[in-house]
Amino acid sequence: EGDNLKQPRKINHWVNFRNNNRRQRFIEEAKKLKFAVDSLKVDPKGYYRYRAVISRKDSVKPEIIVNLSKLMMKFTAAYSGVYNGWHSEPVIED
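Here the residue numbers are simple positions, counted from 1 along each chain's written sequence. Only residues with pLDDT of at least 70 are given local features in this predicted model, and only at 80 or more are side-chain atom pairs given and counted; all residues enter the totals for whole chains, interfaces and linings. Heavy atoms throughout the structure, all of them, feed into the side-chain values; hydrogens and water do not.

Caption draft 1: Highlighting the sheet that holds strand β4 (residues 82–88). Here a strand pair is declared whenever DSSP counts at least two bridges between the two strands. Only runs of H or I of at least four residues qualify as helices and only runs of E of at least two qualify as strands under DSSP, and these elements are numbered from the N terminus. Spatial ordering of the open sheet is given by β2-β3-β1-β4, a layout of four strands whose pairing is antiparallel. A strand with exactly one partner marks an edge of an open sheet, and here the two such strands are β2 (36–42) and β4. For this sheet, the mean angle separating the axes of adjacent strands, direction not counted, is 20°. On the sheet, helix α2 (residues 62–77) packs against β1 (9–17), β3 (50–58) and β4 and is oriented at approximately 150° with respect to β4. Axis angles are defined between N-to-C directions and span 0 to 180 degrees, where every axis is a line fitted to C-alpha atoms and, for a helix, only to the segment in contact. Here a residue-residue contact requires only that any non-hydrogen atoms of the pair lie within 4.5 Å.

Okay, structure coming up:
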């Protein structure tokens, strides 16, 4: 019982950027890595106003999700953005 961490599932990743141009360039590269764009928003306040939620199907096994999170931090930073973490729904098998 419980969440089967080996089972791949949709993982959402939150990223923020200072301007739309950097966000768009990031998204273009993310799509090449098979990420989908789920949401684009602009916060009227704040330094990193341009938000995006991207997703891809991956495993959440600890060694995989830790490496993916590190990759996302570096990938986002390459476009002067900030990685705000990930979320996924649990996969419960009967």
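That was the structure; now back to the text.
Caption draft 2: Structural view of the packing of aromatic side chains. Two rings from Phe, Tyr or Trp (for Trp, the six-membered ring) form a pair when their centres sit within 6.5 Å of each other. Planes less than 30 degrees apart are called stacked, planes more than 60 degrees apart edge-to-face, and all others tilted. All chains considered together, the criterion is met by five aromatic pairs. Relative to Tyr48, the ring of Tyr47 has its centre 5.1 Å away and its plane inclined at 85°; by these criteria the two rings are edge-to-face. The partly exposed category is assigned to Tyr48, whose relative accessible area is 31%. A ring pair is formed by Phe75 and Tyr79, whose centres lie 5.9 Å apart and whose planes are at 85°; its orientation type is edge-to-face. Each of the two residues, Phe75 as well as Tyr79, counts as buried. Whether a residue is buried, partly exposed or exposed follows from its accessible area with a 1.4 Å probe, protein chains only, as a fraction of its type maximum: under 20%, in between, or over 50%, in that order.

Caption draft 3: Structural context of the side chain of Asn16. Mapped onto the elements of the fold, Asn16 is located in strand β1. At 3.1 Å, the side chain of Asn16 and the side chain of Asn84 are in polar contact. Setting aside its immediate chain neighbours within four residues, Asn16 contacts Tyr48, Tyr50, Arg51, Gly81, Val82 and Asn84. We define a polar contact as two N or O atoms separated by no more than 3.5 Å, with the added condition that, inside protein, one atom must be a possible hydrogen donor and the other a possible acceptor, whereas residues neighbouring each other in sequence contribute only through side-chain atom pairs.

Caption draft 4: Structural context of the nonpolar core. Of all hydrophobic cores here, the largest spans 17 residues; its most connected members are Val15, Phe17, Phe26, Ala30, Ile54, Met72 and Phe75. Those elements that place two or more of their residues in this core are β1, α1 (20–32), β3 and α2. For this core, the leading source of residues is α2, giving four residues. Excluding residues that lie within four positions of it along the chain, Val15 makes contacts with Phe26, Tyr50, Arg51, Ala52, Thr76, Val82, Tyr83 and Asn84. Working definition of a nonpolar core: buried Ala, Val, Leu, Ile, Met, Phe, Trp, Tyr and Cys residues. They are joined through side-chain atoms within 4.5 Å.

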